[in-house]
Amino acid sequence: MFYRENGQFKTTYRLDQQIFPISQDRIAMGLLLAIAFIVLPGLASDYVFRAIFIPFLILSLAAIGLNILVGYCGQISLGTGAFMAVGAYAAFNFHARFPGMPLLLSLIGGGLCATVIGVIFGTPSLRIRGLYLAVATLAAQFFIDWFTNRVPWVTNNSSSGSVSVGTLQIAGFTLDTPVSKYLFCLTLVLVIGLLAKNLVRSAIGREWMAIRDMDVAASVIGIRPVFAKLSAFAVSSFIVGVAGALWGFIHLGAWEPSAFNIEKSFQLLFMVIIGGLGSIVGSFFGAAFMVLLPLFLNLIPHWLGLPLSTATASHLEHMIFGALIVFFLIVEPHGLARLWLTARQKLRVWPFPH
């Protein structure tokens, strides 16, 4: 009976169009942010930040970017790892070649470079769609992999092909501890996630969804497919590029081109599908699924006392992981976000059956 809207009257359009129109949701979100910003930094260990929270936040940001393109605009992409690589290497070059450049500007510069590459490889979407578009974006993955491996300028002429970042500072504060890196990622994900949520609720977001549902009908009612598709590629690539820069700067610290291979592209696509297409919160659910499930699959044999070799545990992890993905897709093809939405709807009428 506590999750009800009785007495919550919306007297203006602005109140009716809030992201969280129900006061209980606003209170819950405020408590969640308080826990994330205040409680967790004082309780969690450095290992938890490095292995769970920081990867979860960065992958959630990348999944939001991909969800804008695939879930909201309906444009299939298999080159997300390439756009992450562009953002990471561009931010690295800004950081290395321009001493004193603020970290935030380097990240934004990496996102803008990824935007340019995303629009270039998104241009075929004006003529092709479906599987053909997926192959076109896959070409971006292979091209960027070749480019980062064969062009020494990208890695600042590194003989080993790997790059590393030095001391990270923002507004005079040094990001040298897992807690500081976590808070920086959390703040950036919160800001970009809020902007993305408002963007998909705006007129351009409705254009994306119209193109996704039926592009011919959308063009008949006056929506410009060229602008809608390329803007989706631009926004998606920018967010993914910033996520790639964070993945290299904050999570890895030092990386090589294989860190952004095609496996990363498929991983992000699975996050969006499992979390829920066309859902910002689904991007967080998909990232949590991808980050937490392998940890649980590795810990369960130790909890049960099963003597498994490293190779056997790795094979079992992949098998169980794939089976669970198929299971979720069969049980709820609309993703974990739909399960969350269904639970909220049932809670609103509980304990009544309807």
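Residues numbered from 1 in each chain as written. Predicted model: local features only at pLDDT ≥ 70, side-chain atom pairs only at ≥ 80, totals over all residues. Heavy atoms only, no water.

**Quick word on the nonpolar core**
In terms of nonpolar packing, the biggest core is built from 85 residues, with Trp208, Leu246, Phe249, Ile250 and Trp255 touching the most fellow members. Among the elements that take part in this core, helix H3 (residues 46-72) stands out by supplying 17 residues, more than any other. Setting aside chain neighbours within four positions, we find Trp208 in contact with Ile68, Tyr72, Cys73, Leu199, Val200, Ala228, Ser231, Ala232 and Val235. (Core = buried A, V, L, I, M, F, W, Y, C linked by side-chain atoms within 4.5 Å. Buried < 20%, exposed > 50% of the residue type's maximum accessible area, 1.4 Å probe, protein only. Helix = DSSP H or I, 4+ residues; strand = E, 2+ residues; numbered from the N terminus. Contact = heavy atoms within 4.5 Å.)

**What to know about the pattern of salt bridges**
Side chains that differ in sign of charge can pair as their charged atoms come close. Taken as a whole and judged by the stated rule, the model has three salt bridges. With a shortest N-O distance of 2.7 Å, Asp25 and Arg344 are connected by a salt bridge. You can see Asp25 sitting in helix H2 (residues 23-43) and its partner Arg344 sitting in helix H14 (residues 336-349), a full 319 residues away along the chain. Overall, the relative accessible area of 12% leaves Asp25 in the buried class. Given a relative accessible area of 26%, Arg344 falls into the partly exposed group. For Lys229, the salt bridge goes to Asp215, with nearest N and O atoms at 4.0 Å. Taken together, the positions of Lys229 in helix H10 (residues 225-252) and Asp215 in helix H9 (residues 215-220) put the pair 14 residues apart, joining distant regions of the chain. Judged by relative accessible area, Asp215 falls into the buried class, the value being 13%. (Salt bridge = Lys/Arg side-chain N within 4 Å of Asp/Glu carboxyl O.)

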